[in-house]
Amino acid sequence: MTIKCKVKSIEPLACNTYQILLHPETPVAFKAGQYLMVEMGEKDKRPFSIASSPCRHEGELELHIGAAEHNAYALEVVEAMQKALAEDGDIAIDAPHGEAWVKEDSDRPLLLVAGGTGFSYVRSILDHCIAQNSQKEIHLYWGAKDERQLYAKAELTEIAEKHSNVHFVPVVEDAPAAWSGQTGNVLEAINHNFESLADYDIYIAGRFEMAGAAREQFTEKKDAKREHMYADAYAFI
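None of the values given here were measured: they were computed from a predicted structure.

## Section: the pattern of salt bridges
One pass over the structure, following the stated rule, counts 15 salt bridges. Here Arg 148 makes a salt bridge to Asp 146, at a shortest N to O gap of 3.2 Å. With a relative accessible area of 14%, Asp 146 lands in the buried category. The salt bridge involving Glu 147 is made with Lys 153; its shortest N-O contact spans 3.9 Å. Connected through shared salt-bridge partners, Lys 6, Asp 88 and Asp 90 make up one network.

Structural data, given as structure tokens:
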């Protein structure tokens, strides 16, 4: 369903990464973990995870868009948003989409895995679980090239301190001397830290190749169940 939105704000989160708040003309009902499509043309719709939680988004839709200069696909969307904000114009979206939403009827613990701005996907799930006072164990692993890209690290650390069932593990490839998280590849960190993933619901967002590697590694090495692994990428790979 096509919905017109006003762009309420655009704020930098990190280098070439933006938080964008959209105010749709009609409320959008969605589930934690779903995405929307920004309509750039009649046959040009570009997907972005909804970072806000469906239970407390107050009618607004939050996006986290990584738009480096070499990434025209996302950069053009940010530029269109900036133009709409400056001119009080509209942005058209098609929402909601995706089958990888959080399965609230499951009693299994959660493993949330994000690469880069794939964090927006797991953020919606985490926030929704906290808002619903879920007592399930939640492990959130967020991987990035360097610490600067982990723009919500302080927020997630605070959440984990407040909620004993939430465990946050940041993972960076290029770590400074004072780094207190884990280093290397986020999938390698998970493989190292878990004996088995057989009992987990696993939610993954990042590059398609990362999602594919996670499914292969976790099922073969850690006994994860394919039917309990969720990612929008799995609709395409």
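So that's the structure; there's more coming.
## Observations concerning the packing of helix 4 (residues 186–193) against helix 5 (residues 208–221)
Closest axis-to-axis distance for the helix 4/helix 5 pair is 10 Å, and the angle between their directions is 20°. In terms of their interaxial angle, helix 4 and helix 5 are classed as roughly parallel. In the packing of helix 4 onto helix 5, the handedness of the crossing is right-handed. Residues Leu 187, Ile 190 and Asn 191 of helix 4 form the contact with helix 5, whose own contacting residues are Met 210, Ala 213, Ala 214, Gln 217 and Phe 218. Within the contact of helix 4 with helix 5, the residues separate by chemical class into six nonpolar, two polar and no charged.

## Thoughts on the sheet that holds strand 5 (residues 61–66)
Hydrogen bonding along the main chain pairs the strands of a sheet, whether they run parallel or antiparallel. Pairing in this open sheet of six strands is antiparallel, and the strands run 4-3-6-1-2-5 from one edge to the other. Whereas interior strands pair on both sides, the edge strands pair on one side only; in this sheet they are strand 4 (44–49) and strand 5. Taking each pair of neighbouring strands and ignoring which way they run, the sheet shows an average axis angle of 40°. Sheet topology note: the strand 3 (residues 35–41)/strand 4 ladder contains six bridges and is antiparallel. Residue Leu 36 lies in a different strand from strand 4, and its bridge partner there is Phe 48.

## Comments concerning helix 5
Helix length check: helix 5 (14 residues) gives 20 Å between terminal C-alpha atoms against 20 Å at 1.5 Å per residue, within 8%. For helix 5, the complete set of buried residues consists of Met 210, Ala 211, Ala 214, Arg 215 and Phe 218. Along helix 5, the residues classed as buried sweep out an arc of 140° about the axis, all on the same side. Residues of helix 5 that are exposed and point more than 90 degrees away from the buried face comprise Glu 209, Glu 220 and Lys 221. Contacts made by the buried residues of helix 5 are with strand 7 (110–115), helix 4, strand 11 (201–205) and strand 12 (229–230).

What counts, and at which threshold
- Residues numbered from 1 in each chain as written.
- Predicted model: local features only at pLDDT ≥ 70, side-chain atom pairs only at ≥ 80, totals over all residues.
- Heavy atoms only, no water.
- Salt bridge = Lys/Arg side-chain N within 4 Å of Asp/Glu carboxyl O.
- Buried < 20%, exposed > 50% of the residue type's maximum accessible area, 1.4 Å probe, protein only.
- Axes fitted to C-alpha atoms, helices over the stretch in contact; angles between N-to-C directions.
- Helix = DSSP H or I, 4+ residues; strand = E, 2+ residues; numbered from the N terminus.
- Parallel < 35°, antiparallel > 145°, perpendicular 65-115°, else oblique.
- Left-handed = near helix turned anticlockwise from the far one by under 90°.
- Contact = heavy atoms within 4.5 Å.
- Nonpolar A, V, L, I, M, F, W, Y, C, P; charged D, E, K, R; others polar.
- Pairing = 2+ DSSP bridges.
- Expected span 1.5 Å × (residues − 1).
- Arc of directions from axis to C-beta.

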